[in-house]
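Report on the structure
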Amino acid sequence: MAKLIRFGVSFEKELFTHFDRRIKEKGYTNRSEAIRDLIRNDLVDAEWQSGKEVAGAITLVYDHHHRDLLNRLMDIQHDYHANILSTQHVHLDHHNCLEVVVAKGDPQGVQDLYGKLKSLKGVKHASIAMSTMGKTVA
Ligand code: NI
């Protein structure tokens, strides 16, 4: 197990009260874990900004009847084959499909892939979970 380091943190009372209420709503049982998660999120943000290798998941919801959309989705994914680890396609109902594209690599490449997929006509919703290769968030 990693060695723990303790340090004191000073807060304005009001900020502390807001923070405490917020982490209780989120279900944290101790403040240290909540603060560690905030730090991890910031470190992952920094990875995406600094060009380090990152990992993430792009989620798309679209109507597969939309003209030419499937071909365009496929073309883009082939263009970015070096960034794509896997694609999962789920048929939500008669019209709607949900696709999860798991990607890794340089942040710019993954962001470009996301930008191209989400801007296709017929894509109803797109989101990206920007995550990490896990090296800086022990
Ligand atoms: Ni489908």
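As the structure is a prediction and not an experimental result, all values here were calculated from the model. (Residues numbered from 1 in each chain as written. Predicted model: local features only at pLDDT ≥ 70, side-chain atom pairs only at ≥ 80, totals over all residues. Heavy atoms only, no water.)

Domain boundaries in the protein define domain 1 (13-50) and domain 2 (54-132). Centre-to-centre, using C-alpha coordinates, domain 1 lies 30 Å away from domain 2. (Domains from an automatic or database assignment.)

So, on to the pairing of strand S1 (residues 54-63). Walk down a regular strand and you will see the side chains alternate between the two sheet faces. Counting buried residues in S1 gives 8 out of 10 residues, a clear majority hidden from the surface. Note: S1 against strand S3 (residues 96-105), 10 bridges, orientation antiparallel. Bridging across to S3, Val61 finds its partner in Leu98. Pairing of S1 with strand S4 (residues 123-132), which is carried by 9 bridges, proceeds in the antiparallel orientation. By the bridge assignment, Ala57 is partnered in S4 with Ala129. (Buried < 20%, exposed > 50% of the residue type's maximum accessible area, 1.4 Å probe, protein only. Helix = DSSP H or I, 4+ residues; strand = E, 2+ residues; numbered from the N terminus. Pairing = 2+ DSSP bridges.)

Here the largest pocket defines a volume of roughly 660 Å³. Around the largest pocket, the lining comprises 18 residues; the ones closest to its centre are Leu4, Ile5, Phe7, Ser32 and Arg36. Elements with a minimum of two residues in the lining of the largest pocket: helix H1 (13-26) and helix H2 (31-50). Counting residues per element, the lining of the largest pocket draws most heavily on H2, at 6 residues. (1 Å grid on protein atoms, 1.4 Å probe; cavity = no way out; pocket = protein on both sides within 12 Å on 5 of 7 lines; lining within 4 Å. Points joined across faces, edges and corners; volume = space filled by probe spheres on them.)

Here we take up the pattern of salt bridges. By the definition in use, this model includes 6 salt bridges. For Arg22, the salt bridge identified is with Glu25, shortest N-O distance 3.4 Å. Separated by 3 residues within a single helix, Arg22 and Glu25 lie in helix H1, roughly one turn from each other. Ionic contacts of the salt-bridge type, sharing partners, join the residues Glu33, Arg36, Asp37 and Arg40 into one network. (Salt bridge = Lys/Arg side-chain N within 4 Å of Asp/Glu carboxyl O.)

What follows concerns the coordination of the nickel ion. Here the nickel ion is held by His89 (NE2), His91 (ND1) and Cys97 (SG), and the distances to it run 2.1 to 2.4 Å. Judged by its relative accessible area of 34%, His89 is partly exposed. (Donors = N, O, S within 2.8 Å, 3.2 Å for Na, K, Ca; no water.)

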